6 protein chains.
Amino acid sequence: MIAPLDDLLIAPVVRAALAEDLGRAGDITSAACVDADARLKARFAARKAGVLAGIDCARLAIRALDPHAALEPVARDGDRLQAGAAILNVEANARALLSAERAALNLLGRLSGIATLTRAYVDAVAGTGAAITDTRKTTPGLRALEKYAVRCGGAVNHRFGLDDAILIKDNHVAACGGVGAAIRRARAAAGHLVKVEAEVDSLDQLDEALAERPDVIMLDNFSLADLRAAVARAKGRVVLEASGGVSLETVRAIAETGVDVISVGALTHSAASLDIGLDAV
Amino acid sequence: MIAPLDDLLIAPVVRAALAEDLGRAGDITSAACVDADARLKARFAARKAGVLAGIDCARLAIRALDPHAALEPVARDGDRLQAGAAILNVEANARALLSAERAALNLLGRLSGIATLTRAYVDAVAGTGAAITDTRKTTPGLRALEKYAVRCGGAVNHRFGLDDAILIKDNHVAACGGVGAAIRRARAAAGHLVKVEAEVDSLDQLDEALAERPDVIMLDNFSLADLRAAVARAKGRVVLEASGGVSLETVRAIAETGVDVISVGALTHSAASLDIGLDAV
Amino acid sequence: MIAPLDDLLIAPVVRAALAEDLGRAGDITSAACVDADARLKARFAARKAGVLAGIDCARLAIRALDPHAALEPVARDGDRLQAGAAILNVEANARALLSAERAALNLLGRLSGIATLTRAYVDAVAGTGAAITDTRKTTPGLRALEKYAVRCGGAVNHRFGLDDAILIKDNHVAACGGVGAAIRRARAAAGHLVKVEAEVDSLDQLDEALAERPDVIMLDNFSLADLRAAVARAKGRVVLEASGGVSLETVRAIAETGVDVISVGALTHSAASLDIGLDAV
Amino acid sequence: MIAPLDDLLIAPVVRAALAEDLGRAGDITSAACVDADARLKARFAARKAGVLAGIDCARLAIRALDPHAALEPVARDGDRLQAGAAILNVEANARALLSAERAALNLLGRLSGIATLTRAYVDAVAGTGAAITDTRKTTPGLRALEKYAVRCGGAVNHRFGLDDAILIKDNHVAACGGVGAAIRRARAAAGHLVKVEAEVDSLDQLDEALAERPDVIMLDNFSLADLRAAVARAKGRVVLEASGGVSLETVRAIAETGVDVISVGALTHSAASLDIGLDAV
Amino acid sequence: MIAPLDDLLIAPVVRAALAEDLGRAGDITSAACVDADARLKARFAARKAGVLAGIDCARLAIRALDPHAALEPVARDGDRLQAGAAILNVEANARALLSAERAALNLLGRLSGIATLTRAYVDAVAGTGAAITDTRKTTPGLRALEKYAVRCGGAVNHRFGLDDAILIKDNHVAACGGVGAAIRRARAAAGHLVKVEAEVDSLDQLDEALAERPDVIMLDNFSLADLRAAVARAKGRVVLEASGGVSLETVRAIAETGVDVISVGALTHSAASLDIGLDAV
Amino acid sequence: MIAPLDDLLIAPVVRAALAEDLGRAGDITSAACVDADARLKARFAARKAGVLAGIDCARLAIRALDPHAALEPVARDGDRLQAGAAILNVEANARALLSAERAALNLLGRLSGIATLTRAYVDAVAGTGAAITDTRKTTPGLRALEKYAVRCGGAVNHRFGLDDAILIKDNHVAACGGVGAAIRRARAAAGHLVKVEAEVDSLDQLDEALAERPDVIMLDNFSLADLRAAVARAKGRVVLEASGGVSLETVRAIAETGVDVISVGALTHSAASLDIGLDAV
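Small disclaimer: the values here were computed from a predicted structure and weren't measured. (Residues numbered from 1 in each chain as written. Chains lettered and ligands numbered in written order. Predicted model: local features only at pLDDT ≥ 70, side-chain atom pairs only at ≥ 80, totals over all residues. Heavy atoms only, no water.)

Caption draft 1: The arrangement of empty space enclosed by the protein in detail. Summed over all chains, the structure comprises 13 cavities of 30 Å³ or more. Considering only enclosed or pocket space, the largest cavity measures out at about 60 Å³ in volume. Lining the largest cavity, in full, are Asn157(B), His158(B), Arg159(B), Phe160(B), Asp164(B), Ala165(B), Asp163(C), Asp164(C), Leu193(C) and Val194(C). A per-class count over the lining of the largest cavity returns 4 nonpolar, 2 polar and 4 charged. (1 Å grid on protein atoms, 1.4 Å probe; cavity = no way out; pocket = protein on both sides within 12 Å on 5 of 7 lines; lining within 4 Å. Points joined across faces, edges and corners; volume = space filled by probe spheres on them. Nonpolar A, V, L, I, M, F, W, Y, C, P; charged D, E, K, R; others polar.)

Below, the structure is given as structure tokens:
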């Protein structure tokens with residue numbers, strides 16, 4: 001079971017989503033057309049198959065407008081949903097529920113979309129021993145939630161920001177005069193709880209990096225042959241991460257080269273929302 | 001030329017994106033590997049063809065970390081970019097530029113992705129007289145920016161929230177006992193600067209709605225034949241909006257039925273980021 | 001019954017009002033003079049006759065400091081109150097209630113003051129068919145609440161901001177070279193859910209505007225005779241809004257010219273607070 | 001000359017006012033009708049006579065949207081303005097200036113309205129030795145600015161919140177069993193930099209309060225005869241503040257009783273905005 | 001009993017502390033190692049003797065992550081605690097409690113550290129009639145809480161900011177050309193609820209200040225002999241505050257000179273946290 | 001040279017500190033006693049010897065109130081200062097400088113206090129090969145700044161929050177039924193860029209932990225003999241961190257046992273502020 005995020009981390013995003021949608025006058029359609037004390041029973045359900053992520057967002061959105069709403073979850077984050085599968089049953093004040101609907105669906109759809117795409121990658125490499133990981137190519141303001149959705153899809157998280165791990169890229173290498181020198185400078189600066197990863201773009205550079213024993217080496221845009229060669233040279237001494245232009249078509253072959261981790265920017269920068277709806281029952 | 005959003009509306013999003021990425025310790029890699037006073041000349045460039053949106057986000061992100069950065073824009077929001085096309089030349093403090101890079105690219109990529117997809121829909125209906133419009137299926141926190149990207153792609157905006165226009169949907173119709181009654185209740189409540197739109201899902205319901213003369217009628221999931229029939233019945237008295245399951249494959253045929261506007265949720269809920277990079281020069 | 005604003009929109013204003021009043025040390029008088037567990041029964045009551053608006057603000061202010069306060073509303077927003085009329089009965093922790101009192105009264109008094117003045121204008125035009133509307137001349141930070149108070153007084157809202165309707169004023173006309181050109185430019189830019197209003201200051205300009213069929217034409221500082229002429233020329237094709245220097249003395253005569261809407265800046269920029277007090281019982 | 005508030009205290013209010021007005025799409029009228037690089041020369045001027053307060057709000061609002069605007073102040077806060085008097089000359093980007101106009105005017109008008117009304121009270125008691133002071137009956141969110149406007153009108157400020165002075169009122173007296181006991185409890189709790197004021201509503205209660213020598217005694221709703229008697233009994237040992245139902249008609253007679261300070265809630269809860277406009281030049 | 005601060009003033013600090021600690025991924029250790037529905041019974045207890053302050057911070061931190069946590073306070077703010085003394089018994093969701101632990105302890109430890117050091121100073125002057133007071137040398141963001149902790153330690157608060165009392169220091173004296181002139185300028189500007197304090201650094205300057213009768217005179221870095229001389233000269237006409245380099249070793253002798261108040265910056269700028277722990281039971 | 005934090009991370013703390021000090025009326029003493037256009041030349045200088053940290057806070061505080069202040073830094077963060085050493089020369093508007101003084105000094109003093117104490121620990125272990133590190137026992141709201149100050153003192157940072165590394169403590173061990181099981185559960189959940197540290201409190205538990213090869217093992221409250229035994233058993237396979245009750249008296253002996261890192265809570269929870277002043281020149 002996926003460990004949920006604390007409400008404290010989600011609630012500000014949910015409230016901002018609601019405020020953005022309510023604007024300065026609130027839901028003027030429901031105010032005009034729905035009685036103040038009308039009740040509505042409805043169900044969040046998947047319209048397409050996918051993997052659920054973000055059910056707490058829906059709960060918090062509805063409760064923000066109707067603290068007494070009755071909510072009955074039917075699925076859990078990380079669950080695989082068939083098309084039509086129920087997610088959450090709700091009975092609430094009708095105006096409140098209609099006003100919260102879009103904010104809830106936007107978060108639920110986006111996060112489930114990411115979880116669904118992630119799960120496809122994870123399934124594609126099943127049995128190879130390779131893990132799928134994300135990148136920092138997330139939506140501004142939603143990184144914690146989108147990284148959580150990646151976990152719901154069965155993948156592991158890469159670093160969360162510029163501050164929680166060292167990742168040496170080409171500009172850093174250029175500034176230091178070589179990947180080896182860059183790793184040494186990074187190691188000297190890093191605390192004992194910070195991992196050091198270095199990106200290399202050739203087998204020669206890999207050798208230079210291996211000599212410094214970083215925690216992780218990122219093999220950027222390597223051919224399958226070079227990935228295999230890299231795995232052979234590393235001999236398990238460091239974690240190897242394949243990166244660059246990975247697609248659902250190519251990911252299994254990459255995994256079969258023996259790399260440990262494959263990072264996929266598409267998980268967050270190109271996932272379409274999962275189609276989820278709210279239907280009156 | 002697309003009227004830009006005020007910096008006042010963009011800056012909080014940009015600063016939040018930077019803060020989210022910098023975390024509690026900032027860019028520890030650049031701090032370790034790049035000298036404090038090193039300079040970097042670089043260029044934002046499109047790696048795939050597309051339509052630009054969000055150049056002000058890149059400017060504000062870089063200036064937030066280096067107020068004295070030299071910036072030379074080479075393209076403008078709304079421009080069609082070839083693969084490889086330059087967008088923005090930068091010379092700045094190297095640490096600052098590397099620290100701002102991901103936040104800038106995430107915003108630029110997402111917004112340009114939306115503009116690019118929007119432009120594809122707009123181009124697909126060229127010459128038909130139909131306009132493409134968006135929905136409220138946007139990313140929480142980014143609605144103003146994503147709706148701006150839709151404008152950069154050549155489409156027009158639907159309402160921005162629950163508060164700036166009335167849109168009567170099935171639950172409102174149910175609550176009022178009919179679409180005609182719902183429109184009357186809405187009209188009575190609405191100010192003189194608020195438009196009233198009603199969603200209908202059949203030609204019968206269309207007739208009931210037409211009798212009340214709302215400003216716009218949304219034809220939800222109508223077949224092409226029914227869309228044509230609707231156009232004939234409306235005789236130009238109201239704006240007709242086609243909605244529901246519109247794709248790049250189906251949009252031209254829909255436009256050719258004579259509807260005025262076609263709303264496409266995919267513009268914002270399913271656009272992949274445009275691949276834009278920052279390259280040292 | 002007036003549709004209330006969502007607590008989500010009101011609570012930040014209420015909490016800011018309380019924080020502003022509590023400062024850095026809180027209510028030092030009550031802390032010194034009232035026992036920690038003392039209870040207080042009290043009643044919010046109107047000291048002058050008026051129209052109620054903002055009872056939710058009082059509720060949220062008290063509950064913010066004593067979540068277990070017992071509250072019994074005796075009136076509803078939009079109600080006409082006699083001098084002395086009870087509004088809300090409270091029993092709460094005494095310190096909490098005394099600490100929340102001023103924030104609650106300030107909001108309640110200001111909003112009820114606006115509702116009261118609005119009601120006077122609405123009553124003054126009763127039977128004429130003209131509606132009263134507000135302007136953007138509101139208190140910074142309180143626009144949503146003040147526009148709600150206007151609704152409580154029986155009037156309708158003009159636009160809520162610069163973004164939810166187009167209003168072409170003299171500087172826009174000057175920039176475009178004429179009101180007709182301005183309306184055309186506005187129409188071309190506006191989405192299908194945005195109304196277009198143009199301000200004119202003479203009958204000649206009215207004719208130019210009428211030719212473009214905006215949704216609303218604002219007749220700025222027209223004499224009664226010119227208002228009547230304008231109504232005759234428009235023949236019901238557009239909504240006509242009279243504006244400029246409207247007072248309680250002049251409003252009925254203006255309404256009797258046949259205009260549809262009369263906008264009154266004084267509703268929000270010159271309403272005195274309604275005198276409401278909290279009395280121990 | 002009035003000491004201005006720090007920009008740091010004003011800027012958040014100004015930015016919130018602009019954000020509230022710009023909404024999610026910004027000034028769509030100016031975007032449609034005014035060219036991006038058009039310039040506008042204009043002048044803020046008083047349309048009615050009054051006292052100026054809040055010129056820094058106008059400056060900050062315009063600069064927030066056009067950092068390079070040229071601003072030439074022609075008057076200073078606290079100045080008495082004739083009808084028609086110029087306040088501030090501006091040359092700025094036309095869209096920016098038009099977008100900032102209403103936020104600037106709303107703040108300028110409200111604060112100048114308060115300063116104007118305050119000045120009328122201050123003038124009414126000229127020569128009597130009595131000072132005019134305000135109350136906590138201010139607009140939520142604007143207390144610091146409104147109290148500043150009171151200073152611009154020539155009056156002094158009462159306490160700014162519940163935390164910066166002790167003010168014993170009837171409920172505190174009731175809780176302590178008498179005004180004397182309440183003052184003793186307050187004195188025991190108060191730091192050496194906190195003044196203690198007690199409200200009394202009769203001459204008997206005044207005697208009880210005088211015996212405890214608070215810093216200030218508030219004479220609430222005293223007749224003129226009782227005010228004179230109170231002045232005689234106090235013999236200058238404490239500051240005497242008259243309060244309750246003070247109007248421009250009654251304030252001079254109150255001042256002539258010899259009280260030291262007269263508090264007037266109307267300064268902030270009932271001031272109409274001063275009519276100030278922005279005219280293109 | 002110490003009057004507690006309103007939760008409204010504490011909760012933002014507590015939530016910020018939690019958010020700072022939870023970061024973008026939350027408590028990844030507890031998520032990995034503790035079951036989602038595990039419960040934990042634990043006790044906050046003092047590991048060293050001291051004075052308690054901040055128990056509401058612990059309550060709010062735990063409830064922010066587990067609204068249903070059972071909390072049983074065993075001590076109250078202001079209580080003297082023996083080493084090992086229990087403070088608060090908790091039973092809560094285990095993950096939530098472990099996640100909130102550090103934020104709760106950091107606030108509790110810091111505030112209790114201040115209360116403990118304050119109490120030592122207060123005890124040191126017991127029986128002399130002198131009060132101990134704090135300064136503005138507090139931790140940014142925590143002034144209200146740290147000043148509250150000072151009260152829990154038995155001392156009184158000096159001013160809370162630059163705005164709630166006048167304190168004339170050397171630069172102000174220099175700007176006015178003398179302490180007497182400065183007091184006169186300050187008196188003329190101050191409202192009737194603002195106290196005026198002037199700092200002097202010699203007996204001559206004291207005489208100049210006494211002639212203007214400020215409310216308080218601060219004797220800065222006076223020798224014991226000069227403090228005694230100052231007390232003799234003031235003859236009880238003003239409050240005398242000794243200041244500058246006060247330590248636990250010197251404070252009693254200072255108090256015995258007869259000054260009324262002794263201000264001690266160390267209370268807040270040099271207090272070590274009290275060692276408090278959370279132990280499973 | 002210490003890599004500075006981005007202004008973007010510091011500025012909100014500085015502005016909050018200023019706002020907290022300015023309150024609702026600003027610096028009323030300087031407003032009364034100092035002319036609006038007076039200038040002040042002054043120097044920040046250390047009154048006691050120490051290590052500087054936080055000079056950017058002083059710069060940002062002054063510039064926030066006077067954007068045109070002339071600032072000349074004379075020292076850099078991380079520098080050892082003699083008593084009396086100059087830090088920063090300033091020439092600014094006098095009111096602005098006096099208003100910013102306390103906020104600047106409070107931040108500068110606290111951070112330099114931490115850097116100074118840290119440097120004492122670092123110096124104490126010089127030549128042993130052991131590093132000093134901090135804990136999460138920081139001031140709420142200031143963690144990023146206080147951890148930066150630790151770096152200025154020559155130490156390395158432990159984790160920044162609950163989210164950037166795994167640290168298994170006694171409650172986690174209890175929940176998993178053993179430290180070995182806990183490490184396995186943690187490893188399974190952790191991404192490839194997250195280090196895993198486990199706390200042990202006996203040599204037996206150390207053996208169990210060593211078998212699972214975490215990245216770091218924390219030896220909690222070990223005797224010197226046991227620390228030496230632990231170093232011998234670990235044989236360099238993992239990083240060993242000594243923790244618990246470390247003081248300046250005991251730290252060198254601990255370092256000489258051969259442990260790699262020593263964590264010291266006192267660096268942040270018990271550092272007194274460094275005495276820094278601002279003197280007119």
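Caption draft 2: Looking closely at the relation of the copies chain C and chain D. With an RMSD of 0.0 Å, the fit of chain C onto chain D corresponds to turning through 180° and sliding 0.0 Å along the axis. Considering both components of the superposition, the chain copies are consistent with a two-fold axis. Here 100% of the contact residues of chain C are again contact residues in chain D; the copies associate through an equivalent surface. (Least-squares fit on C-alpha atoms with pLDDT ≥ 70 in both. Contact = heavy atoms within 4.5 Å.)

Caption draft 3: Summary view of the interface of chain C and chain D. Facing 57 residues of chain C, the contacting portion of chain D comprises 57 residues. For the pairing of chain C and chain D, the buried interface totals around 4500 Å² over both sides, and the portion due to carbon and sulfur atoms is 53%. Joining chain C to chain D, the criterion identifies 6 salt bridges. For Arg143(D), the salt bridge identified is with Asp21(C), shortest N-O distance 2.5 Å. Counting across the interface, chain C meets chain D through 34 residue pairs in polar contact (both at pLDDT 80 or more). Top element by residues in the side of chain C that touches chain D is helix α4 (residues 94-124) of chain C. It accounts for 6 residues. Partitioned by chemical class, the residues of the side of chain C that touches chain D number 28 nonpolar, 16 polar and 13 charged. (Buried area = accessible area lost by both parts, 1.4 Å probe. Salt bridge = Lys/Arg side-chain N within 4 Å of Asp/Glu carboxyl O. Polar contact = N/O pair within 3.5 Å; in protein donor to acceptor, adjacent residues only side chain to side chain. Helix = DSSP H or I, 4+ residues; strand = E, 2+ residues; numbered from the N terminus.)

Caption draft 4: A look at helix α8 (residues 203-210) of chain E. Residue and element names in this part refer to chain E. Turning to α8, its buried residues number three or more, namely Leu 203, Gln 205, Leu 206, Ala 209 and Leu 210. On an axial view of α8, the arc spanned by its buried residues comes to 155°, and they lie on one face. Packed against the buried residues of α8 are α6 (170-176), α7 (179-189), β8 (196-200), β9 (216-220), α9 (224-234) and β10 (239-243). (Buried < 20%, exposed > 50% of the residue type's maximum accessible area, 1.4 Å probe, protein only. Arc of directions from axis to C-beta.)

Caption draft 5: Broad picture of the packing of helix α1 (residues 7-22) of chain E against helix α4 (residues 94-124) of chain E. Residues and elements named next belong to chain E. Direction vectors running N to C along α1 and α4 enclose 130°, while the axes themselves pass 9 Å from each other. The orientation of α1 with respect to α4, classified from their angle, is oblique. Between α1 and α4 lies a crossing of right-handed hand. Here Val 13, Val 14, Ala 17, Leu 18, Asp 21 and Leu 22 of α1 come into contact with α4, specifically with Ser 99, Ala 100, Arg 102, Ala 103 and Leu 107. (Axes fitted to C-alpha atoms, helices over the stretch in contact; angles between N-to-C directions. Parallel < 35°, antiparallel > 145°, perpendicular 65-115°, else oblique. Left-handed = near helix turned anticlockwise from the far one by under 90°.)

Caption draft 6: Summary view of the packing of aromatic side chains. Under the defined criterion, the tally for this structure stands at 0 aromatic pairs over all chains. Here Lys147(E) stacks its cationic end above the ring of Phe160(E), 5.2 Å away from the centre of that ring. (Phe/Tyr/Trp six-rings, centres within 6.5 Å; stacked < 30°, edge-to-face > 60°. Lys NZ or Arg CZ within 6 Å of the ring centre and 35° of its normal.)

Caption draft 7: Region of interest: unusual backbone geometry. Residue and element names in this part refer to chain D. Of note, Asn 221 is a non-glycine position whose phi angle comes to about 60°, a positive value. Here Asn 221 is to be found in the loop between β9 (216-220) and α9 (224-234). Exposure remark for Asn 221: the relative accessible area of 55% places this residue in the exposed category.

Caption draft 8: Spotlight on the interface of chain C and chain A. Opposite the 13 residues of chain C that make contact, chain A presents 13 residues. Summing both partners gives a buried area of about 950 Å² for chain C against chain A, and 66% of it is carried by carbon and sulfur. Where chain C meets chain A, there are 1 salt bridge. Where chain C touches chain A, the interface holds 1 residue pair in polar contact (both at pLDDT 80 or more). When residues of the side of chain C that touches chain A are traced back to their parent elements, those giving at least two are α1 (7-22) and α5 (143-152) of chain C.

Note that all results are geometric; they support no functional claim without further evidence.
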